[in-house]
Amino acid sequence: MDRPRDWLGARATILLPVLVAVLSFVTGVVNISAVSISGPLGDLIPRSLQRTAGFTGALTGFTLLVSVVGLRRRLRVAWYATVVLLPVAAVQGLVQNSAVSIPFVGPVPSSAVSIPLVALSLLSLPTMLLNRRRFDRPIDLSTAQLAAGAALLGSLMYGTAGSYALRDDFTNLSTATDAFYYTLVTASTVGYGDMTPQSQQAKLFGMSVVVLGTASFAIALGSLLGPAIEKRLSEALGNMTDAQLDLLENHVLVLGHGDLTEPIIEELTGAIDFVVITPDTETATRLQQRDIAVLTADPSDEEPMQRAGIEDAAAVVAATNDDAQDALAILTAQTLNPEVNIVAAATDRENIEKLRRAGADTVISPAVLGGHLIVQSALGRKGMENIADHLLDVNDEDDADI
């Protein structure tokens, strides 16, 4: 396997930001909890800036995790957000690089997490830039999701502007931040009770915030749960999700499923990542239950091959019992990625050349191969059984040699 691609490929662009997000959150929590500051930067950075960096560092970590979700879907906006947030995390790590004293714990060097935070943030940037072309998808939001976002934003703006305009009719509400805080805790039904309306007009306004806010929160929650339910349905039907497919690289595409495919799947399992494309829903569900990556679609169509990442695939295998179907699948695969290694199994001997002309680099006929071994063994040629054993079970033969 290509090690540079392993370290600088799609998985690295996901893993490194996740590590940065976790370190950013931990560093922020450590500095928020600190009661005193010392160390090389303790005298240079004001305490207020240290504490602010702690809060924003934790928020940056959470935001990075949200960006990673977008990266898994190869969204362009998630790539831009991550590229911006990584330097921010590095700067916050520098600001928080000091020794702190935590109640009931004692002196704890925040550098233990802030220095790795800075290093990983800077290391992640080149990886993100090298893989920029992978993240080329626009945000594909449904009408319901756009409406939910607009409703939530509109209700928050309405509550903030209205409560600030009526601030004299509320207790403990005097700034725009107080107004937004009141709107958020009211719309989310938290209701701490520290800010309460005093006049009839303010009470009517507060009730409108409760109705509009809770409705918008409910709509937004439904739009978020919808994709999760869809994911569960896809898994139940034997389909991989787009997020799982997007992480594939240097993998093998198995086009179709038949009697010849099962031994191939057994050999591939644990050796390399692979995806089976089959139009049979029952077969796809059965494979999914065995934790085998599967896509329910016609293996000769372009769209499922593109979803399965044929551009980044290491090889394509077509080995069903239908040579005509295999030929169509091979032709499509060769058109989409002329450089990929295509291996085919011919059920009928006369179809070997046809599969080669379709685009297969290697064509093996199990029937011809098995017949040749049987005849050679019948004619007294020694070693045929050992060759068959080697072909059927390489691991057993290796163990015998040892």
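Residues numbered from 1 in each chain as written. Predicted model: local features only at pLDDT ≥ 70, side-chain atom pairs only at ≥ 80, totals over all residues. Heavy atoms only, no water.

- Under the annotation held in an unreviewed UniProt entry, the chain carries the name Potassium channel-like protein and is attributed to Haloarcula amylolytica JCM 13557.
- Turning to the chain, the UniProt record has this under Subcellular location (unreviewed entry): "Cell membrane". (UniProt positions renumbered as here; feature names shortened; annotations may be inferred.)

Some points on the nonpolar core
Now for step 1: Grouped together as the largest cluster of nonpolar side chains are 26 residues, with contacts concentrated most on Leu253, Leu255, Ile277, Val316 and Ile330.
Now for step 2: Core analysis: the next-biggest nonpolar cluster, separate from the first, contains 20 residues, Val83, Leu85, Ala89 and Leu125 among them. (Core = buried A, V, L, I, M, F, W, Y, C linked by side-chain atoms within 4.5 Å. Buried < 20%, exposed > 50% of the residue type's maximum accessible area, 1.4 Å probe, protein only.)

Details of the pairing of strand S5 (residues 274–278)
Within a regular beta strand, the side chains point alternately toward one face of the sheet and then the other, so they alternate between its two faces.
Now for step 1: Counted residue by residue, S5 has five buried out of five residues, so it is predominantly covered.
Now for step 2: Taking every second residue as pointing to the same face, both faces of S5 are buried, with Phe274, Val276 and Thr278 on one and Val275 and Ile277 on the other.
Now for step 3: Here four bridges tie strand S4 (residues 252–255) to S5, and the two strands are oriented parallel to one another. In the strand pairing of S5, valine 252 is matched with phenylalanine 274.
Now for step 4: In the classification by handedness, the crossover that spans S4, the intervening helix H10 (residues 261–268) and the parallel S5 is right-handed.
Now for step 5: Summarising the sheet, S5 and strand S6 (residues 294–296) pair through three bridges and their orientation is parallel. By the bridge assignment, isoleucine 277 is partnered in S6 with leucine 295. (Helix = DSSP H or I, 4+ residues; strand = E, 2+ residues; numbered from the N terminus. Pairing = 2+ DSSP bridges. Right-handed = clockwise from strand over helix to strand, strands pointing away.)

As for the environment of serine 216
Now for step 1: Secondary-structure assignment places serine 216 in helix H8 (residues 200–236).
Now for step 2: Judged by its relative accessible area of 3%, serine 216 is buried.
Now for step 3: Between the alpha carbons of serine 216 and glycine 154 there is a distance of 8.7 Å; along the sequence they are 62 residues apart.
Now for step 4: Excluding its chain neighbours within four sequence positions, the residues that come into contact with serine 216 are Ala151, Leu152 and Ser155.
Now for step 5: Side-chain polar atoms of serine 216 contact the backbone oxygen of glycine 213, separated by 2.8 Å. (Contact = heavy atoms within 4.5 Å. Polar contact = N/O pair within 3.5 Å; in protein donor to acceptor, adjacent residues only side chain to side chain.)

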